[in-house]
Amino acid sequence: AWYHKALAPDLLKKDLLEQWRTKKILILAIIFLFVAISSPIMAKILPELMKSISVPGMVISLPAPTYLDAIDQYIKNISQIAILVVIFIIAGAICDEKNRKTLEIILTKPISRMIFVLSKFKSYFISIISVFVVCSIIFYIYTASIFGLFNLVNFIIVNALVLLYILMIASITILASTIVKNSIIAGGIGFFSYIIFGTIFGLVESIKPYSPGKIFDIYESVIKTGWTNDLVWPLIITIVVIITSAISAIIIFRKQEIDR
């Protein structure tokens, strides 16, 4: 109905405002900004730190750092720090509303459950994409100022695929938050999906070529030579998981009884 659509922007605004009030956007911004700034710095100073280590009878010789070292730090920090923060920030997306008993108030208005769930997906996607894009721009400018310019198009390709991977893990976590009533459990499910897609898929040879986390294995090649068709299936599967998670969350939430 038209009134469902009319209220959707207000619900989205409410979700974004809640993220701001609970400092979730601020935490995301701080973590990604840390990754963007610290990665090129660490790439620059790490060889010097290693050389300064004095060990009798051992000479440490390291090549001069390049932009590839900065990107290496950048990707590792995103995959090991930033994604985990995203998981535990999003874990309470829907289950916290259940625990605070605010769902009853929201759903008494002419808002469908589908609109409610989609608003959660859209609000967190907007926050993640906005923060990620800004911080990736900062990283590129800062890295280029230290090591010199490098291929911007290839860098955008890598970032687009990494961003989609983050959104996939976020989607699974929101789905988990829809199913369970505890944000810790939802975060645990999100973390488990992170382990499955980030590690286990890569260990099984038969499914390794289709792993959404493949970009983390071949990002250096993409930075140097650009797009490869090896990423087609991982990209398709990533998008399918995102869409499936959203649809599943809507279906499950529609069938749930809301505690009063």
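Refer to the preceding data block for the structure.
Residues numbered from 1 in each chain as written. Predicted model: local features only at pLDDT ≥ 70, side-chain atom pairs only at ≥ 80, totals over all residues. Heavy atoms only, no water.

A. Broad picture of the overall build of the chain. The number of helices and strands found in the chain is 10 helices and zero strands. Going from N to C terminus, the chain has its helices and strands arranged as α-α-α-α-α-α-α-α-α-α. Taken over 260 residues, the chain has a buried fraction of 45%. Considering only contacts in the chain between residues 6 or more positions apart, those separated by 24 or more positions represent 81%. (Helix = DSSP H or I, 4+ residues; strand = E, 2+ residues; numbered from the N terminus. Buried < 20%, exposed > 50% of the residue type's maximum accessible area, 1.4 Å probe, protein only. Contact = heavy atoms within 4.5 Å.)

B. Region of the structure containing helix 9 (residues 215–225). Residues Ile215, Phe216, Ile218, Tyr219, Val222 and Ile223 constitute the buried set of helix 9. The elements touched by buried residues of helix 9 are helix 3 (67–90) and helix 7 (152–179). Remark: Gly226 follows helix 9 within two positions and exhibits a positive phi of approximately 95°.

C. Spatial organisation of the pattern of salt bridges. One pass over the structure, following the stated rule, counts six salt bridges. A salt bridge links Asp15 to Lys120, with the shortest nitrogen-to-oxygen separation between them at 3.1 Å. Here Asp15, found in helix 1 (residues 2–21), pairs with Lys120, found in helix 6 (residues 113–147); they are 105 residues apart in sequence, far enough to count as distant. In terms of burial, Asp15 and Lys120 fall into one category: buried. Between Lys76 and Asp72 there is a salt bridge whose closest N-O contact spans 3.3 Å. Of this pair, Lys76 and Asp72 both sit in helix 3, four residues apart, which is roughly one turn of that helix. Note on Lys76: relative accessible area 39%, which makes it partly exposed. The network of salt bridges with common partners includes Lys14, Asp15, Glu18, Glu97 and Lys120. (Salt bridge = Lys/Arg side-chain N within 4 Å of Asp/Glu carboxyl O.)

D. Local environment of the packing of helix 7 against helix 9. Direction vectors running N to C along helix 7 and helix 9 enclose 160°, while the axes themselves pass 8 Å from each other. With respect to helix 9, the axis of helix 7 lies roughly antiparallel. As for how helix 7 packs across helix 9, the hand of that crossing is right-handed. Residue-level inspection shows Asn154, Phe155, Ile157, Val158, Leu161, Val162 and Tyr165 of helix 7 in contact with helix 9, the latter providing Ile215, Phe216, Tyr219, Val222, Ile223, Lys224 and Thr225. Looking at the contact of helix 7 with helix 9 residue by residue, the class counts come to 11 nonpolar, two polar and one charged. (Axes fitted to C-alpha atoms, helices over the stretch in contact; angles between N-to-C directions. Parallel < 35°, antiparallel > 145°, perpendicular 65-115°, else oblique. Left-handed = near helix turned anticlockwise from the far one by under 90°. Nonpolar A, V, L, I, M, F, W, Y, C, P; charged D, E, K, R; others polar.)

E. Seen up close, the environment of Ser79. Note that Ser79 resides in helix 3. Overall, Ser79 belongs to the buried group, its relative accessible area being 15%. For the pair formed by Ser79 and Tyr165, sequence separation is 86 residues and the distance between their alpha carbons is 9.7 Å. Ignoring any residue separated from it by four or fewer positions in sequence, one finds Ser79 in contact with Tyr194 and Phe216. A polar contact is formed between the side chain of Ser79 and the backbone oxygen of Lys76, at a distance of 3.1 Å. (Polar contact = N/O pair within 3.5 Å; in protein donor to acceptor, adjacent residues only side chain to side chain.)

F. Spatial organisation of the nonpolar core. In this structure, Phe32, Ile83, Ile128, Val162, Ile166 and Ile215 are the most contacted members of the largest nonpolar core, which totals 66 residues. If you list the elements that add at least two residues to this core, you get helix 2 (24–52), helix 3, helix 6, helix 7, helix 8 (183–203), helix 9 and helix 10 (232–255). When residues in this core are grouped by element, the largest group, 14 residues, is from helix 7. When sequence neighbours within four positions are dropped, the list of residues in contact with Ile166 reads Phe32, Ile78, Ile83, Val86, Ile128 and Phe132. (Core = buried A, V, L, I, M, F, W, Y, C linked by side-chain atoms within 4.5 Å.)

G. A look at the side chain of Ser193. Summarising the element assignment, Ser193 is placed in helix 8. Apart from the residues within four sequence positions on either side, Ser193 is in contact with Ile169, Ile172 and Gly198.

H. Inspection of a nonpolar patch on the surface at higher detail. Among the surface-exposed residues, Ile200, Leu203, Val204, Ile207, Tyr210, Trp227, Val232, Trp233, Ile236 and Val240 lie close enough to one another that they form a single nonpolar patch of about 870 Å² accessible area. Listing elements by their share of the nonpolar patch, those giving two or more residues are helix 8 and helix 10. Looking at the nonpolar patch, the element that brings in the most residues is helix 10, giving four residues. Relative to the helices and strands, Tyr210 resides in the loop between helix 8 and helix 9. (Patch = residues over 30% accessible without salt bridge, like charges linked within 9 Å, V, L, I, M, F, W, Y side chains within 5 Å. Areas by Shrake-Rupley, 256 points an atom, 1.4 Å probe, with all protein chains shown as cover.)

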